[in-house]
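Below, each chain spelled out in residue letters.
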Amino acid sequence: MDFKQLEAFVAVVDYGSFSEAARRLYLTQPTISAHIRALEEELRTKLIVRTTKKISVTAKGYQLYDSAVRMLHIRSNLLEDFTESAKRIIDLGVSTIPSSYLLPELLAEFGKLYPDVYFHSLQSDSSGAIERVLDGSVDLSLVGQNTGEETCRFIPFCQDSLVIAAPVSGRYLQMAEKKVTFRDFIKDPMIIREKGSGTKKEMDLFLEKMGISPTELNVIARMNDLESIKKSIVNGLGISILSARSVLDLEKTKQILLFPLDKMEHTRNFYIVYSKNRILKPHVRQFIHFVQKFYQIP
């Protein structure tokens with residue numbers, strides 16, 4: 001169970017109505033119903049009996065209500081204590097690259113304009129961040145891929161390019177002095193990201209455009225941690241196809257070498273994603289508009 005589900009349950013009990021709870025929490029009625037259903041399934045008990053005319057709360061429901069109110073009150077007090085005031089909250093899902101290389105500057109600048117907004121961010125791969133939007137546990141997510149999920153809206157807000165990141169060794173220093181293509185690297189030991197990663201998805205699209213089967217690659221490791229991949233490259237384990245934004249710091253300090261992906265510059269978008277079935281709170285809409293304007297992609 002999570003706080004979103006508890007908030008929905010408490011609101012239904014307080015207002016005696018699914019529709020009124022949805023209006024107060026800026027959610028849709030189906031989302032409120034889904035939260036209640038998830039709680040009942042997890043606790044394996046009926047909490048609310050719903051008829052066409054009214055709702056009634058079961059004995060177990062009132063037992064949960066008392067505990068939920070206390071938990072939400074404790075959460076509210078903790079937020080006020082640690083942020084020094086009562087702030088508006090944005091629950092934010094974020095995938096690896098946006099979390100490490102976009103979110104810090106976004107939150108710093110947004111905080112200057114709206115100091116009363118508090119962020120609770122949850123990092124995962126792109127698939128996980130989108131799943132959090134679908135199950136209603138976050139208000140929105142910043143991700144590296146568009147899955148085409150019909151119930152979600154995907155808004156591109158920032159562009160990036162993919163590059164080949166290689167160790168600073170004699171072979172690659174020589175390659176940096178001449179014109180090379182991706183096929184010059186195809187037999188080299190390669191480290192790749194995990195399946196749910198937006199970078200992995202973009203790499204697969206690039207290989208498809210180039211007519212290269214993934215089986216042609218000399219994959220020696222699969223890692224779900226970007227920092228581990230970067231350190232492995234620095235230490236000479238192999239090469240990898242990565243986001244340019246994620247490795248510019250290492251290139252500047254001459255710890256790795258970067259090669260573009262052939263003549264065709266393979267760019268990718270990062271997306272704001274939120275549910276079409278969710279009524280966004282005003283401060284969430286403010287954040288979305290701010291993010292769109294911050295990078296102003298063409």
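Above this text you will find the structure in question.
Residues numbered from 1 in each chain as written. Predicted model: local features only at pLDDT ≥ 70, side-chain atom pairs only at ≥ 80, totals over all residues. Heavy atoms only, no water.

Undergrad: Honestly, the packing of helix 9 (residues 226-234) against helix 10 (residues 244-252) in this entry has me stumped. Any pointers?
TA: Each pair of packed helices can be summarised by the angle the axes make with each other and by the distance between the axes. The geometry of helix 9 relative to helix 10 is characterised by a closest axis approach of 11 Å and an angle of 35° between their N-to-C directions. Between helix 9 and helix 10 lies a crossing whose hand is right-handed. Contacts from Leu226, Lys230 and Val234 in helix 9 reach Ser246, Val247, Asp249 and Leu250 in helix 10. Among the residues forming the contact of helix 9 with helix 10, the class breakdown is four nonpolar, one polar and two charged. (Axes fitted to C-alpha atoms, helices over the stretch in contact; angles between N-to-C directions. Helix = DSSP H or I, 4+ residues; strand = E, 2+ residues; numbered from the N terminus. Left-handed = near helix turned anticlockwise from the far one by under 90°. Contact = heavy atoms within 4.5 Å. Nonpolar A, V, L, I, M, F, W, Y, C, P; charged D, E, K, R; others polar.)

Undergrad: What's the story with the nonpolar core in this structure? I'm lost.
TA: The tendency in soluble globular proteins is for nonpolar side chains to be buried as a group. Within the largest apolar cluster, 40 residues are counted, with the highest numbers of intra-cluster contacts made by Leu140, Phe157 and Ile272. Excluding residues within four positions of it along the chain, Ile272 makes contact with Leu140, Ser141, Leu142, Arg153, Phe154, Ile155, Phe157, Ile288, Val291 and Gln292. Counting 22 residues, the second largest nonpolar core, distinct from the first, contains Phe9, Ala11, Ala22 and Leu47. (Core = buried A, V, L, I, M, F, W, Y, C linked by side-chain atoms within 4.5 Å. Buried < 20%, exposed > 50% of the residue type's maximum accessible area, 1.4 Å probe, protein only.)

Undergrad: Can you help me understand the packing of helix 5 (residues 96-113) against helix 11 (residues 282-295) in this one?
TA: Helix 11 packs onto helix 5 with a crossing angle of 120° between their chain directions and a minimal axis gap of 11 Å. Taken as axis vectors, helix 5 and helix 11 run oblique relative to one another. When you trace helix 5 past helix 11, the crossing you get is right-handed. Here Leu102, Glu105, Leu106, Leu107, Glu109, Phe110 and Leu113 of helix 5 lie close against helix 11, whose contacting residues are His283, Gln286, Phe287, Phe290, Val291, Phe294 and Tyr295. A class-by-class count of the residues in the contact of helix 5 with helix 11 yields 10 nonpolar, two polar and two charged. (Parallel < 35°, antiparallel > 145°, perpendicular 65-115°, else oblique.)

Undergrad: It is not clear to me how the side chain of Ser240 should be interpreted in this structure. Could you clarify?
TA: Along the chain, the position of Ser240 falls in strand 9 (residues 240-243). Taking the relative accessible area as the measure of exposure, Ser240 reaches 1% and is therefore buried. From its side chain, Ser240 meets the backbone oxygen of Ile191 in a polar contact 2.6 Å long. With sequence-adjacent residues up to four places away left out, Ser240 is seen in contact with Val163, Ile164, Ala165, Met190, Ile191, Ile192, Ile229 and Ile233. (Polar contact = N/O pair within 3.5 Å; in protein donor to acceptor, adjacent residues only side chain to side chain.)

Undergrad: Would you mind showing me how to read the packing of aromatic side chains here?
TA: Each pair of aromatic rings is reported with the distance of its centres and the angle of its planes. Counted according to the given criterion, the structure contains 12 aromatic pairs. Aromatic side chains Phe110 and Tyr114 sit 4.7 Å apart centroid to centroid with 35° between the ring planes, which places their arrangement in the tilted category. Here the aromatic residues Phe110, Tyr114, Phe119, Phe157, Phe287, Phe290, Phe294 and Tyr295 are joined through ring pairs into a cluster of three or more. The residue whose ring lies beneath Arg50 is Phe18, and the NZ or CZ to ring-centre distance is 3.9 Å. Between the NZ or CZ atom of Arg75 and the centre of the ring of Phe3, over which it lies, the distance is 4.6 Å. (Phe/Tyr/Trp six-rings, centres within 6.5 Å; stacked < 30°, edge-to-face > 60°. Lys NZ or Arg CZ within 6 Å of the ring centre and 35° of its normal.)

Undergrad: Just to check I follow, could you spell out helix 10 for this structure?
TA: The periodicity of an α-helix, 3.6 residues per turn, causes residues three or four positions apart to be oriented the same way. Those residues of helix 10 not exposed but buried are Ala244, Ser246, Val247 and Leu250. Down the axis, helix 10 shows its buried residues gathered within 140° of arc, on one side only. Looking at the packing, one finds that the buried side of helix 10 touches helix 5, strand 6 (152-167), helix 9, strand 9 and strand 10 (256-260). At the N-terminal end of helix 10, a side-chain oxygen is found 3.3 Å from the backbone nitrogen of Arg245, two or three residues along, and the residue is Ser243. (Arc of directions from axis to C-beta.)

Undergrad: Help me understand the environment of Pro156 in this model?
TA: Within the secondary structure, Pro156 sits in strand 6. We classify Pro156 as partly exposed; its relative accessible area is 36%. Between the C-alpha atoms of Pro156 and Asn269, which are 113 residues apart in sequence, the distance is 5.9 Å.

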